[in-house]
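Fold and contact review
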Amino acid sequence: MIDKKRLKFEEYNGIKAFYIPRLNGGATSFGHDFVPIVKSMFGRVGTICEFCSGPGLIGFSLLANELCDRLCLVDINPEAIELCRYTIEQNGLEGKVDAFVSDGLKNVPANQVWDLVISNPPHFDGSEKEYKNDLIAIDPGWRVHREFYADVGAHLNKGGRILFVENSAGSNYAMWEKMIKENGLVPVKEFVYSGPRPKNNILKNGMARLSDSVRDGTLFSKGIRYHANMAARLVKGTYKYDKFYYVLSQKA
Ligand SMILES: C[S@@+](CC[C@H](N)C(=O)[O-])C[C@H]1O[C@@H](n2cnc3c(N)ncnc32)[C@H](O)[C@@H]1O
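Residues numbered from 1 in each chain as written. Predicted model: local features only at pLDDT ≥ 70, side-chain atom pairs only at ≥ 80, totals over all residues.

A word on the overall build of the protein. Along the backbone of the protein there are 9 helices and 9 strands. When its C-alpha atoms are laid out on the principal axes, the protein stretches across 45 × 40 × 35 Å. Here the protein, with 252 residues, has 37% of them falling under the buried criterion. In the protein, of all internal contacts separated by at least 6 residues, the share reaching a separation of at least 24 is 73%. (Helix = DSSP H or I, 4+ residues; strand = E, 2+ residues; numbered from the N terminus. Buried ≥ 20, exposed ≤ 12 C-beta atoms within 10 Å, placed from the backbone. Contact = placed C-beta atoms within 7 Å.)

What surrounds the ligand is a group of 22 residues, the closest being G25, A27, C52, G54 and N120. Grouping the constituent residues of the shell around the ligand by class yields 11 nonpolar, 9 polar and 2 charged. (Near = placed C-beta within 6 Å. Nonpolar A, V, L, I, M, F, W, Y, C, P; charged D, E, K, R; others polar.)

According to UniProt, the feature "domain: Methyltransferase small" (unreviewed entry) maps to residues 46–170 in the numbering used here. The distance separating the terminal C-alpha atoms of residues 46–170 is 32 Å; by composition the span is 29% helix and 30% strand. (UniProt positions renumbered as here; feature names shortened; annotations may be inferred.)

Attention now goes to the nonpolar core. Membership of the largest hydrophobic core comes to 52 residues, with the highest contact counts inside it found for I48, L62, V117 and I118. Sequence-distant contacts of L62, that is, excluding residues within four places in its chain, are made with F34, V35, V38, I48, L67 and C68. (Core = buried A, V, L, I, M, F, W, Y, C linked by C-beta atoms within 7 Å.)

Another aspect to go through is helix α2 (residues 57–64). Of all 8 residues in α2, 7 are buried; the element is thus mostly enclosed. Here α2 has its buried residues at L57, I58, G59, F60, S61, L62 and L63. E66 occupies a position one or two residues after α2 and carries a positive phi of about 55°.

Along the chain, the position of H145 falls in helix α5 (residues 143–151). What makes H145 buried here is the crowd of 26 C-beta atoms within 10 Å. C-alpha of H145 to C-alpha of W176: the two residues are 31 residues apart in sequence and 8.8 Å apart in space. Dropping the residues within four chain positions of it, H145 is found in contact with P121, D139 and M179.

As summarised here, the arrangement of the 7 strands in space is β5-β4-β3-β6-β7-β9-β8, forming an open sheet in which the pairing is mixed. The two strands at the open ends of the sheet, each matched to only one other strand, are β5 (97–101) and β8 (186–191). Each strand axis lies, on average, 20° off the axis of its neighbour in the sheet, ignoring direction. Here strand β4 (residues 68–75) runs beside β5; their pairing, made up of 5 bridges, is parallel. Paired with C72 across the two strands is D98, which belongs to β5. Along the sheet, helix α3 (residues 78–90) makes contact with β4 and β5, crossing β5 at roughly 165°. (Pairing = 2+ DSSP bridges. Axes fitted to C-alpha atoms, helices over the stretch in contact; angles between N-to-C directions.)

Taken across its 5 residues, strand β2 (residues 15–19) has 4 buried, putting it largely inside the fold. Alignment of strand β1 (residues 8–12) against β2, held across 5 bridges, turns out to be antiparallel. When the bridges of β2 are listed, E11 appears paired with K16. The hairpin formed by β1 and β2 contains 2 residues between the paired strands, and N13 there has a positive phi angle of roughly 45°.

Structure follows, in structure tokens:
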């Protein structure tokens with residue numbers, strides 16, 4: 001159970017969305033780009049799913065900007081979904097927002113059907129061991145992506161879209177194009193967002209995550225390799241905005 005006294009929050013048009021820095025994978029920085037992107041590309045849709053939602057900040061920001069009527073949040077980490085449910089309860093969003101602890105879409109009920117799935121998934125390949133220590137950054141052998149693309153068709157309305165933000169330091173469009181086609185979906189395009197955005201605070205977020213891990217004791221349990229990888233990514237600049245690209249696909 002997360003100590004609610006340590007929660008931070010972002011406020012989007014009156015929705016207070018709670019998180020802890022350790023579970024923030026970029027929603028408070030480049031994650032803000034989803035609002036202008038979804039607004040200009042799709043406008044308001046019926047239902048949005050945020051896959052790999054963490055505390056659901058991107059999804060809540062889309063809901064708060066009236067870009068959907070209903071929202072579904074999915075993450076493998078029970079702590080993240082606990083925070084999603086806390087935000088739902090604190091803002092009286094029961095009936096509008098659902099949240100599921102699920103490895104991929106395995107535990108998502110069949111009656112969940114969406115017009116748009118957005119995601120900021122783990123951006124780097126790695127071993128199963130690295131994944132266990134770092135659910136935010138690692139997708140081992142890309143199985144999280146592969147299983148998602150294999151299963152999502154059953155949860156999409158006809159013509160439903162999927163928009164993932166990816167990191168060119170860890171992947172390229174050609175591999176997603178292949179994976180999307182192999183799973184019977186239609187790759188539409190890749191693009192880079194170059195519109196207005198808040199100042200890059202990724203380093204600040206990284207430091208907040210580190211101090212959070214010291215406080216809750218996960219600093220040492222994760223092992224030195226996790227922190228070394230994180231530091232290496234920061235030094236190499238792999239979290240810079242210009243490395244992010246978007247992958248749009250859809251159900252035929
Ligand atoms: C880069 S973080 C994004 C978190 C949040 N959406 C954000 O933008 O800050 C990736 C998220 O993917 C989740 N994740 C990793 N493997 C998953 C899986 N197999 N199924 C569902 N979620 C998964 C992690 O728990 C983590 O919250």
